[in-house]
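So the chains spell out like this:
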Amino acid sequence: MRFLVFLGFAGCFAMLALTGCGQKPAEKSAAKVYDIKGKIVAIRTDKEGVTLDHEDIPGLMKGMKMEFLVEDARILEGLQVGDQVQGKLKVESGSQIITELKKR
(Lines give C-alpha, C1' and ligand atoms only; values in the text may rest on other atoms or scores of the structure.)
Protein backbone atom coordinates (compact mmCIF):
# COMPACT_ATOMS: atom_id res chain seq x y z
CA MET A 1 0.00 0.00 0.00
CA ARG A 2 2.77 2.43 0.93
CA PHE A 3 4.45 1.63 -2.35
CA LEU A 4 1.32 2.66 -4.28
CA VAL A 5 1.07 5.92 -2.34
CA PHE A 6 4.75 6.57 -3.08
CA LEU A 7 4.17 5.93 -6.79
CA GLY A 8 1.22 8.32 -6.73
CA PHE A 9 3.27 11.12 -5.15
CA ALA A 10 6.20 10.43 -7.47
CA GLY A 11 3.90 10.59 -10.49
CA CYS A 12 2.36 13.86 -9.34
CA PHE A 13 5.79 15.35 -8.71
CA ALA A 14 6.96 14.30 -12.16
CA MET A 15 3.87 15.82 -13.80
CA LEU A 16 4.40 19.12 -11.97
CA ALA A 17 8.07 19.20 -12.91
CA LEU A 18 7.32 18.58 -16.56
CA THR A 19 4.58 21.19 -16.73
CA GLY A 20 6.51 23.84 -14.78
CA CYS A 21 4.08 23.70 -11.85
CA GLY A 22 1.30 25.04 -14.02
CA GLN A 23 3.17 28.19 -15.07
CA LYS A 24 2.95 29.46 -18.61
CA PRO A 25 6.23 29.54 -20.54
CA ALA A 26 7.88 32.96 -20.63
CA GLU A 27 6.67 34.91 -23.61
CA LYS A 28 9.31 36.38 -25.86
CA SER A 29 9.03 40.14 -25.83
CA ALA A 30 7.83 41.52 -29.13
CA ALA A 31 10.19 43.80 -31.01
CA LYS A 32 9.26 47.46 -31.21
CA VAL A 33 10.50 49.72 -33.97
CA TYR A 34 11.06 53.44 -33.44
CA ASP A 35 11.90 56.28 -35.80
CA ILE A 36 15.28 57.82 -35.03
CA LYS A 37 16.75 61.12 -36.23
CA GLY A 38 20.08 62.69 -35.47
CA LYS A 39 23.61 63.56 -36.50
CA ILE A 40 26.42 61.04 -36.99
CA VAL A 41 29.17 61.74 -34.45
CA ALA A 42 31.32 58.64 -35.12
CA ILE A 43 31.34 55.44 -37.15
CA ARG A 44 33.17 52.42 -35.79
CA THR A 45 36.05 51.29 -37.98
CA ASP A 46 34.56 47.78 -38.14
CA LYS A 47 31.29 49.35 -39.42
CA GLU A 48 29.30 47.48 -36.76
CA GLY A 49 28.20 50.58 -34.87
CA VAL A 50 27.47 54.27 -35.18
CA THR A 51 27.40 57.04 -32.59
CA LEU A 52 24.49 59.42 -33.02
CA ASP A 53 23.61 62.67 -31.34
CA HIS A 54 19.93 61.78 -31.64
CA GLU A 55 16.71 63.64 -31.00
CA ASP A 56 14.10 62.42 -28.51
CA ILE A 57 12.73 59.00 -29.41
CA PRO A 58 9.11 59.29 -28.23
CA GLY A 59 8.12 56.41 -25.99
CA LEU A 60 11.72 55.26 -25.55
CA MET A 61 14.27 57.89 -24.47
CA LYS A 62 15.29 61.53 -24.44
CA GLY A 63 17.74 62.84 -27.00
CA MET A 64 21.40 62.16 -26.26
CA LYS A 65 24.69 61.14 -27.78
CA MET A 66 25.15 57.36 -27.81
CA GLU A 67 26.44 54.45 -29.84
CA PHE A 68 24.11 51.98 -31.52
CA LEU A 69 24.95 48.69 -33.20
CA VAL A 70 23.81 48.33 -36.80
CA GLU A 71 22.04 45.28 -38.18
CA ASP A 72 24.34 45.18 -41.21
CA ALA A 73 27.49 47.15 -42.07
CA ARG A 74 25.95 48.06 -45.45
CA ILE A 75 23.54 50.37 -43.57
CA LEU A 76 26.46 52.76 -43.09
CA GLU A 77 27.61 52.80 -46.74
CA GLY A 78 27.77 56.35 -48.09
CA LEU A 79 27.36 57.91 -44.65
CA GLN A 80 30.00 59.95 -42.84
CA VAL A 81 30.55 61.88 -39.64
CA GLY A 82 28.49 65.08 -39.63
CA ASP A 83 25.63 63.71 -41.76
CA GLN A 84 22.08 64.38 -40.57
CA VAL A 85 20.29 61.05 -40.71
CA GLN A 86 17.00 59.31 -40.04
CA GLY A 87 16.15 55.67 -39.76
CA LYS A 88 14.67 52.84 -37.75
CA LEU A 89 15.70 51.52 -34.35
CA LYS A 90 14.55 48.04 -33.34
CA VAL A 91 14.27 47.34 -29.61
CA GLU A 92 13.84 43.73 -28.53
CA SER A 93 14.58 42.02 -25.22
CA GLY A 94 16.53 45.06 -24.03
CA SER A 95 18.80 45.30 -27.07
CA GLN A 96 18.72 48.20 -29.50
CA ILE A 97 19.87 47.96 -33.10
CA ILE A 98 19.70 50.29 -36.10
CA THR A 99 17.97 48.51 -38.98
CA GLU A 100 17.82 51.45 -41.41
CA LEU A 101 19.72 54.74 -41.69
CA LYS A 102 19.87 57.32 -44.48
CA LYS A 103 20.71 60.98 -44.99
CA ARG A 104 17.96 63.53 -44.37
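Here's what I pulled together on the structure shown here.

## Observations concerning the pairing of strand β3 (residues 64-70)
Line of reasoning, step 1. Pairing geometry for strand β2 (residues 49-54) and β3, over 6 bridges, is antiparallel. Each bridged residue has a counterpart across the sheet, and for His54 the counterpart in β3 is Met64.

## Things to note about the sheet that holds β3
Line of reasoning, step 1. Taken in spatial order, the 5 strands line up as β1-β2-β3-β5-β4 and close into a barrel, and their pairing is mixed. Taking each pair of neighbouring strands and ignoring which way they run, the sheet shows an average axis angle of 55°.
Line of reasoning, step 2. Relative to strand β5 (residues 95-103), β3 is paired through 2 bridges, and the arrangement is parallel. Bridging across to β5, Val70 finds its partner in Ile98.

## Observations concerning the pairing of β5
Line of reasoning, step 1. Relative to β5, strand β4 (residues 84-92) runs antiparallel, the two being bridged by 8 bridges. Bridge pairing links Lys88 to Glu100 in β5.
Line of reasoning, step 2. Taking the residues between adjacent antiparallel strands as the criterion, β4 and β5 are bridged by 2 residues, where Ser93 takes a positive phi near 50°.

## Regarding the pattern of salt bridges
Line of reasoning, step 1. Scanning all chains against the criterion turns up 9 salt bridges.
Line of reasoning, step 2. The partner of Glu55 in a salt bridge is Arg104, with the nearest N and O atoms 3.3 Å apart. Of the two residues, Glu55 sits in the loop between β2 and β3 while Arg104 sits in the segment after β5, which places them 49 residues apart along the sequence.
Line of reasoning, step 3. Residue classification places Glu55 among the partly exposed residues on the basis of a relative accessible area of 38%.
Line of reasoning, step 4. For Arg104, a relative accessible area of 45% puts it in the partly exposed group.
Line of reasoning, step 5. Lys102 is paired through a salt bridge with Glu100; the nearest N and O atoms lie 4.0 Å apart.
Line of reasoning, step 6. Overall, Lys102 belongs to the partly exposed group, its relative accessible area being 43%.
Line of reasoning, step 7. Its relative accessible area of 35% is what places Glu100 among the partly exposed residues.
Line of reasoning, step 8. Members of the salt-bridge network, linked through shared partners, are Arg44, Asp46, Glu48 and Glu67.

Criteria and cut-off values
Residues numbered from 1 in each chain as written. Predicted model: local features only at pLDDT ≥ 70, side-chain atom pairs only at ≥ 80, totals over all residues. Heavy atoms only, no water. Pairing = 2+ DSSP bridges. Helix = DSSP H or I, 4+ residues; strand = E, 2+ residues; numbered from the N terminus. Axes fitted to C-alpha atoms, helices over the stretch in contact; angles between N-to-C directions. Salt bridge = Lys/Arg side-chain N within 4 Å of Asp/Glu carboxyl O. Buried < 20%, exposed > 50% of the residue type's maximum accessible area, 1.4 Å probe, protein only.

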